[in-house]
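# Coordinate analysis (summary)
Here is what each chain is made of, one letter per residue.
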Amino acid sequence: MSNSSQFHSSNEYENIVNSKLNDAQLRQNLQSVMKTLKQNRKNTIASRYTKWEELRELGRKVKQNALSKLPSLLEKFEQNAIKNGFKIHWARDSKEANKIILSLMQKNSSNVILKGKSMASEEIHLNAYLKENNINALETDLGELIIQLIDEPPVHIVAPAIHKNRYEIGKIFKDKLNAKLESEPEKLNGIAREHLRKEFKSFKIGLSGVNFAIANEGAIWLIENEGNGRMSTTACDIHIAICGIEKVVESFEDASILDLLLVPSATGANISCYNNIIGSPRQSDELDGPKEVHIIMLDNNRSRILSDSHYYRSLSCIRCGTCLNHCPVYDKIGGHAYLSTYPGPIGEVISPQIFGIDNYAPMLNLCSLCGRCSEVCPVKIPLAELIRDLRSEKAGEGRGGIVGYSEVHRNKTEKNSFAVFANIATSGAKWRMLLWQVRIFGGMGKIFGNLIPGLNLWLKYRSYPKLDASLHSRVKELKGVIYE
Ligand code: SF4
């Protein structure tokens with residue numbers, strides 16, 4: 001994985017997307033898991049949630065409320081968390097967050113840190129930074145462990161190794177952990193458990209992310225399914241939690257509403273296996289738990305996003321990953337093709353805003369604007385609308401003010417094509433004439449299309465649509481109603 005703030009050209013995107021599209025095994029793995037995740041979500045919502053849409057609206061309001069008073073909620077969270085015995089650190093960016101963690105490691109003379117799953121730690125490229133400073137960061141989440149063994153970044157924000165099937169994972173464990181070649185999920189889990197137990201026996205510092213930080217209580221809430229998060233945060237002397245500032249909500253009730261939306265959206269489960277609500281470090285009458293808990297409040301351009309009256313909605317994300325699972329582009333190319341810590345629809349919305357739009361401009365083209373992501377987002381973020389608006393930003397025709405914008409990212413062909421399209425699409429007569437021509441000459445579309453630069457690339461992976469009757473004529477046929 002490249003550095004997040006590194007420039008990524010259109011050619012780089014084209015090459016990686018083509019290589020992923022040509023990887024039949026990857027596409028098969030992705031599509032099979034995505035299908036299961038989508039079906040599980042659908043079944044759970046249908047069988048357990050009679051008022052899912054009302055709950056989504058409630059979730060949207062909870063996040064809206066939290067974002068509208070985020071500065072005061074952050075202060076409240078800090079005051080209550082300090083009262084509870086937590087140590088709070090503020091990090092303006094990745095550099096500051098990494099330095100805080102390194103200084104905690106050095107102060108405690110520790111050169112190993114055990115990590116539960118944390119996308120914020122991926123965002124700041126913590127593992128690479130610690131490695132440069134001779135500190136070993138060991139992943140304890142099963143998916144994170146698999147990709148760490150093969151030196152890859154997460155492919156998905158919830159399921160980091162979703163691109164590998166059980167046979168491939170068995171081979172990785174055999175090659176990297178000298179384990180017996182297995183492919184049964186229980187046996188693979190057993191290998192990972194045995195490997196990690198050794199590490200859990202003697203570690204001093206553990207690290208986790210945060211799902212919700214609760215201002216009224218000064219507490220943090222971590223959701224996980226494997227128990228490694230609980231081990232990483234309770235069996236150590238020092239627990240470090242990285243929390244994006246947008247994770248703060250007002251009350252425990254608010255966090256509970258978001259939890260009800262998050263879990264079925266992420267995996268299709270009714271409830272997660274482990275809910276770790278951490279209200280303080282170890283108390284004097286307790287036998288275990290960390291003696292110190294440090295919470296790093298990470299900004300990394302989030303306050304800049306918050307100050308934008310349009311794009312601030314990007315910060316409502318609860319990282320469920322369902323927009324990735326439902327995206328018809330993501331399930332063909334997987335997360336690595338986005339070249340960012342955050343892939344898929346939410347990645348296209350937040351990567352340019354966190355890491356700079358110049359660096360990620362071509363990423364915004366990895367979207368068909370079908371709108372499925374907006375339909376399934378549990379907190380109703382209008383993802384497709386935001387992606388479309390960010391495309392205007394990169395073309396220099398948006399509201400302005402996006403991080404890292406210095407030049408127009410649109411070539412002449414693209415500009416002229418859209419001008420021609422706008423001219424035709426805004427005139428009823430021209431549009432009808434075009435459709436008439438497509439119907440008459442449609443059969444030859446593939447032949448002519450292949451001669452047109454731009455369209456030929458599009459047609460390489462898609463079949464030309466067959467149009468036989470217009471919507472108007474169908475409506476007339478079906479209902480006898482004439483629309484003008
Ligand atoms: S944008 Fe919505 S659907 Fe996508 S990860 Fe965030 S909360 Fe989930």
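Residues numbered from 1 in each chain as written. Predicted model: local features only at pLDDT ≥ 70, side-chain atom pairs only at ≥ 80, totals over all residues.

### Let's talk about unusual backbone geometry
As a reminder, the rule being used: Runs of E in the DSSP output that reach at least two residues are strands. Runs of H or I that reach at least four are helices, and both are numbered from the N terminus. Our exposure labels follow a C-beta count within 10 Å of each residue's own C-beta, placed from the backbone: buried means 20 or more other C-beta atoms, exposed means 12 or fewer, and partly exposed covers the counts in between.
Here serine 109, not a glycine, exhibits a phi torsion of approximately 45°, which is positive. Counting through the fold element by element, serine 109 comes out in the loop between helix H5 (94–107) and strand E2 (112–115). One non-glycine residue, aspartate 151, adopts positive backbone phi at about 55°. Within the fold, aspartate 151 resides in the loop between helix H8 (142–149) and helix H9 (166–177). On the basis of neighbour count, aspartate 151 is assigned to the exposed category, with 8 C-beta atoms found within 10 Å.

### Digging into the sheet that holds strand E5 (residues 212–214)
Our working definition: Here, strands pair whenever DSSP counts at least two bridges between them.
The mixed open sheet is built from four strands, whose spatial order is E8-E5-E6-E9. Strands at the two margins of the open sheet, each flanked by one partner only, are strand E8 (248–249) and strand E9 (274–278). Two elements, strand E6 (residues 219–224) and E9, share five bridges in a ladder whose sense is antiparallel. In the sheet register, glutamate 224 faces E9, and the bridge partner there is tyrosine 274.

### Observations concerning the nonpolar core
A general feature of soluble globular proteins is that nonpolar side chains tend to end up buried together. The condition is simple: For the purposes of this analysis, a nonpolar core is taken to be any set of buried Ala, Val, Leu, Ile, Met, Phe, Trp, Tyr and Cys residues that are connected through C-beta atoms within 7 Å. Two residues qualify as a contact pair if the distance between their C-beta atoms, derived from the backbone, is within 7 Å.
In this structure, Ile220, Cys243, Val248 and Leu383 are the most contacted members of the largest nonpolar core, which totals 110 residues. Top contributing element to this core by residue count: helix H12 (residues 252–267), with six residues. Beyond its immediate chain neighbours, meaning those up to four positions away, cysteine 243 contacts Val210, Ala213, Ile220, Ile295, Ile296, Met297 and Leu298.

### Here's the deal with the pairing of E6
Counting buried positions along E6 yields six of six residues, so the element is predominantly enclosed. Because side chains alternate across E6, one face comprises the buried residues Ala219, Trp221 and Ile223, and the other comprises Ile220, Leu222 and Glu224, equally buried. The turn joining E5 and E6, which pair antiparallel and follow one another in sequence, is formed by four residues; a positive phi near 65° is taken by glycine 218.

### Some points on the domain arrangement of the protein chain
The test is simple: Where a domain begins and ends is set by an automatic assignment or by a domain database.
Partitioning the protein chain into structural domains gives domain 1 (48–303) and domain 2 (427–479). Relative to domain 2, the C-alpha centre of domain 1 lies at a distance of 50 Å.

### Digging into the packing of helix H2 (residues 24–48) against H12
Each pair of packed helices can be summarised by the angle the axes make with each other and by the distance between the axes. Here is the rule we go by: Convention adopted: a line fitted to C-alpha atoms gives each axis, helices being fitted over their contacting stretch, and angles between N-to-C directions are expressed from 0 to 180 degrees. Throughout this description, any angle smaller than 35 degrees is read as roughly parallel, any larger than 145 degrees as roughly antiparallel, any in the 65 to 115 degree range as roughly perpendicular, and the remainder as oblique. When residue character is reported, Ala, Val, Leu, Ile, Met, Phe, Trp, Tyr, Cys and Pro are called nonpolar, Asp, Glu, Lys and Arg charged, and the others, Gly included, polar.
Viewed as axis vectors pointing N to C, H2 and H12 meet at an angle of 140°, and their least axial separation amounts to 6 Å. Overall, the two elements H2 and H12 adopt an arrangement that is oblique. Contacts between H2 and H12 involve Leu37, Asn40, Arg41, Thr44 and Ile45 from the first element and Pro264, Ser265 and Thr267 from the second. Residues of the contact of H2 with H12, tallied by class, amount to three nonpolar, four polar and one charged.

### So, helix H19 (residues 383–394)
Going by this rule: Working rule for helices: expected span equals 1.5 Å times residues minus one. Regarding the arc, it is the one traced by the directions from the helix axis to the C-beta atoms.
With twelve residues, H19 ought to run about 16 Å at 1.5 Å a step, and its terminal C-alpha atoms sit 16 Å apart, in line with that. Every buried residue belonging to H19 is among Leu383, Ala384, Leu386, Ile387, Leu390, Arg391, Glu393 and Lys394, and all of these are buried. Buried residues of H19, viewed axially, fall in a sector of 165°; they line one side. In this structure, the buried side of H19 is in contact with helix H14 (322–325), helix H16 (344–355), helix H17 (357–360) and helix H18 (372–376).

### What to know about the pairing of strand E10 (residues 292–298)
Burial runs high along E10: six of the seven residues are buried. In this sheet, E10 lies alongside strand E1 (residues 87–91) in parallel orientation, the contact comprising five bridges. Across the sheet, residue lysine 87 finds its bridge partner in E10, namely histidine 294.

### A short note on the environment of glycine 396
Assignment of secondary structure puts glycine 396 in the loop between H19 and helix H20 (412–425). Considering only alpha carbons, one finds glycine 396 and leucine 471, 75 residues apart in sequence, at a separation of 35 Å.

### Details of the sheet that holds strand E7 (residues 238–244)
Read across the open sheet, the six strands follow the order E1-E10-E7-E4-E2-E3; overall the sheet is parallel. Of all strands in the sheet, those bounded by a partner on one side alone are E1 and strand E3 (136–139). With direction set aside, neighbouring strand axes in the sheet form an average angle of 25°. Two elements, strand E4 (residues 205–208) and E7, share four bridges in a ladder whose sense is parallel. Following the sheet pairing, leucine 207 is matched in E7 by isoleucine 240.

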